[in-house]
Amino acid sequence: MVENSLDAQDKALRQTLEADMMAIRQLLKQAQSPGEVESAVSRTLARLDDADRLLSESTLSNATLFSASLVILLREGLEALLVVIALVTVLVRTGRRDGLRYVHLGWVTALVAGVATWAAAQSLVSISGASREVMEGVAALLAAVVLLYVGIWMHSKTHAAQWQAYIQQHINSHLTAGTLWGLALLAFIAVYREVFETVLFYQALLTQAAAAQYSSVFSGFVAGTAFLAVLAWVLVRYSVKLPIARFFSVTTYLLLALAFILMGKAMSALQEADLIGITPLPVSFEFDWVGVKSTWQGILAQLSVLVVFLVFLGLARRQRKNAPVAERSGEFLEPGVTRSKPE
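Residues numbered from 1 in each chain as written. Predicted model: local features only at pLDDT ≥ 70, side-chain atom pairs only at ≥ 80, totals over all residues. Heavy atoms only, no water.

A.B. asks: What is the right way to read the layout of surface pockets from this model?
C.D. replies: Gaps left between atoms are located by rolling a probe of water-molecule size over the structure's atoms. A volume near 1100 Å³ is recorded for the largest pocket. Looking at the largest pocket, it is lined by 42 residues, and the ones nearest its centre are Glu3, Arg14, Glu18, Glu272 and Lys293. The biggest single contributor to the lining of the largest pocket is helix H1 (residues 3-29), with twelve residues. Along the walls of the second largest pocket sit 28 residues, with Leu73, Leu111, Val195, Phe221 and Leu228 positioned nearest its centre. Every element with two or more residues in the lining of the second largest pocket is listed here: helix H3 (62-93), helix H4 (100-123), helix H8 (177-207) and helix H9 (214-241). Residues belonging to the lining of the second largest pocket are distributed by class as follows: 21 nonpolar, five polar and two charged. (1 Å grid on protein atoms, 1.4 Å probe; cavity = no way out; pocket = protein on both sides within 12 Å on 5 of 7 lines; lining within 4 Å. Points joined across faces, edges and corners; volume = space filled by probe spheres on them. Helix = DSSP H or I, 4+ residues; strand = E, 2+ residues; numbered from the N terminus. Nonpolar A, V, L, I, M, F, W, Y, C, P; charged D, E, K, R; others polar.)

If you want it as structure tokens, here you go:
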């Protein structure tokens, strides 16, 4: 978990090391000549020595520690926050505030479980790097699939007639106890993965700080928490004011983006745990904020999210064209209220 600390010192070196590791794994699986493998290993070990020397001989400045702490919390917390806010606002807009306690139970439990898991890993059991990556990868994969499903469901309700029919006929029966517990589970999965990874990142960051610099790390954490709190308030306040069809449309694409990001992170974690193969692209690149890395497996997995959504859009568009005109008319006002067209 020294990635953040090494990024703060030399991001290019960290990216080169990851590419070297992938290359070595491919060489071992392809049964190349021993000389080629030994050369790649020696080159990588030399770079690892450079990284070790860089981290041990230099200390991070207060400004760097503050910004690293802030970025860690924003990067890891933003995804979880958006999922929870989307679930909360959907329940509010559908008049099912009784379901809010399930969502809150999910994310609060995830906070406790994430910190407890980290504490257990420090004192009771040893969680290896591979086990940690498997845990994060599986959680991200599950969250990505569920978010894609929820996003498709929301998009199907962006048209007034469809939403009105859903409200009147299905909302009370569909949001049963089982479904509400499913929302709690989704909130738990989305938040637990981010909390567990966040505490590990902070642990690594603190190893690069002197005792007198802990306040800089803490200040970055407080600033990040304040920003996320303000963002949550803004999202809840203004999403509730959006027309219901527009709200569902915006939320659909938000969840699609989160599913895209989490799918990329899931593939990266499972590749690092060696559960999924690694086939590098001809060019090397990395976009951390959107989970994109230069492997065929990761790119194809993320593209599959987009393809599934585009196929659904095509099917939904064809279904609307074939629907009777009466079902496609009318403008949404409020649940249960439509504006009738003049005779």
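A.B. asks: Would you mind going over the environment of Glu272 with me for this structure?
C.D. replies: Along the chain, Glu272 turns up in helix H10 (residues 244-272). On the basis of relative accessibility, which here comes to 35%, the residue Glu272 falls in the partly exposed class. Setting aside residues no more than four positions away along its own chain, Glu272 makes contact with Glu3, Glu18, Arg25, Glu133 and Lys293. (Buried < 20%, exposed > 50% of the residue type's maximum accessible area, 1.4 Å probe, protein only. Contact = heavy atoms within 4.5 Å.)

A.B. asks: Got a minute to help me understand the environment of Asp288 in this structure?
C.D. replies: When you line up the elements, Asp288 lands in the loop between strand S1 (286-287) and strand S2 (292-293). Among the residues examined, Asp288 registers a relative accessible area of 21% and is labelled partly exposed. C-alpha of Asp288 to C-alpha of Arg75: the two residues are 213 residues apart in sequence and 9.1 Å apart in space. The contacts of Asp288, once residues within four sequence positions are left out, are Lys11, Arg14, Arg75, Lys265 and Lys293.

A.B. asks: Would you mind going over the pattern of salt bridges with me for this structure?
C.D. replies: Pairs can form between side chains of opposite charge whenever their charged atoms are close. Counting across every chain of the model gives four salt bridges. Between Glu18 and Arg14 there is a salt bridge, with the nearest N and O atoms lying 3.2 Å from each other. Placement of both Glu18 and Arg14 in helix H1 is noted, with a separation of four residues, approximately one turn of the helix. Comparing Glu18 with Arg14, the two get one shared label, buried. Residue Glu18 is joined to Lys293 by a salt bridge in which the shortest nitrogen-to-oxygen separation is 3.5 Å. Of this pair, Glu18 sits in helix H1 while Lys293 sits in strand S2, and the two are 275 residues apart along the sequence. On the basis of relative accessible area, Lys293 is assigned to the partly exposed category, the value being 23%. Each of Arg14, Glu18 and Lys293 takes part in a single network of salt bridges with overlapping partners. (Salt bridge = Lys/Arg side-chain N within 4 Å of Asp/Glu carboxyl O.)

A.B. asks: Explain the environment of Leu206 to me, please; I cannot follow it from the model alone.
C.D. replies: Examined against the element boundaries, Leu206 turns out to sit in helix H8. The exposure class assigned to Leu206 is partly exposed, which follows from its relative accessible area of 32%. Sequence-wise, Leu206 and Phe218 are twelve residues apart; in three dimensions their C-alpha atoms are separated by 10.0 Å. If sequence neighbours within four positions are ignored, Leu206 has contacts with Tyr214 and Val217.

A.B. asks: For this particular structure, what's the right way to read H3?
C.D. replies: At 3.6 residues per turn, the α-helix brings residues three or four places apart onto the same side. The terminal C-alpha atoms of H3, which comprises 32 residues, lie 44 Å apart, in line with the 46 Å expected from a rise of 1.5 Å per residue. For H3, the buried fraction is high: 24 of the 32 residues fall into the buried class. At the exit of H3 stands Gly95, carrying a positive phi of roughly 75°. (Expected span 1.5 Å × (residues − 1).)

On their own, these measurements won't tell you what the molecule is for.
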